[in-house]
Amino acid sequence: MNSPMRDASSMKPAVGSFAVVESERAAGRLDYQLAELIEFVWACEAAAAQADRIDATIRWGCRESRNNKEK
């Protein structure tokens, strides 16, 4: 009877086989996708920081104009 557990070394494909080449390509695609995702997150963080600075400037500008009216 075959055991469901196999030795991990027997499951590893031989170097130069199609499975190794294809897994390296898949890893390269995943690296590229991860890099794109990181760049997208950085761009979102930069946009959020800029929006926060704009909101803060508007709030401070409104306060200054109210303070000038009270004088």
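In this text, all values refer to a predicted model and were calculated from it rather than measured experimentally.

Trainee: Would you mind showing me how to read the overall build of the protein chain here?
Mentor: Counting secondary structure elements, the protein chain contains 2 helices and 0 strands. Across the 71 residues that make up the protein chain, the buried fraction comes to 1%. Carbon and sulfur atoms form 60% of the exposed surface of the protein chain, whose accessible area is close to 6800 Å².

Trainee: Explain a nonpolar patch on the surface here, please?
Mentor: Residues Leu34, Leu37, Ile38, Phe40, Val41 and Trp42 make up a contiguous nonpolar surface patch of about 610 Å² in total accessible area. Counting through the fold element by element, Phe40 comes out in helix α2 (residues 18-70). Accessibility expressed as a relative area gives 52% for Phe40, which makes it exposed.

Here is what the cut-offs are and how they apply
In every chain, residue numbers begin from 1 and rise along the written sequence. Given that the model is predicted, a residue must reach a pLDDT of at least 70 before its local features are reported, and side-chain atom pairs must reach 80 or more before they are shown or counted; all residues, however, enter totals for whole chains, interfaces and linings. As a convention, hydrogens and water are excluded, and side-chain values are obtained from all of the structure's heavy atoms. Secondary structure is summarised from DSSP: a helix means a run of H or I of at least four residues, a strand means a run of E of at least two, and numbering begins at the N terminus for each. Any residue under 20% of the maximum accessible area for its type is buried, any over 50% is exposed, and the rest in between are partly exposed; the area is computed with a 1.4 Å probe on protein chains only. Method for areas: the Shrake-Rupley scheme with a 1.4 Å probe, in which residue coverage is limited to the protein chains shown. Like charges are joined within 9 Å and nonpolar side chains (Val, Leu, Ile, Met, Phe, Trp, Tyr) within 5 Å, but only among residues with over 30% relative accessible area and no salt bridge; these make up the patches. For this document, the term salt bridge refers to a Lys or Arg side-chain nitrogen within 4 Å of an Asp or Glu carboxyl oxygen.

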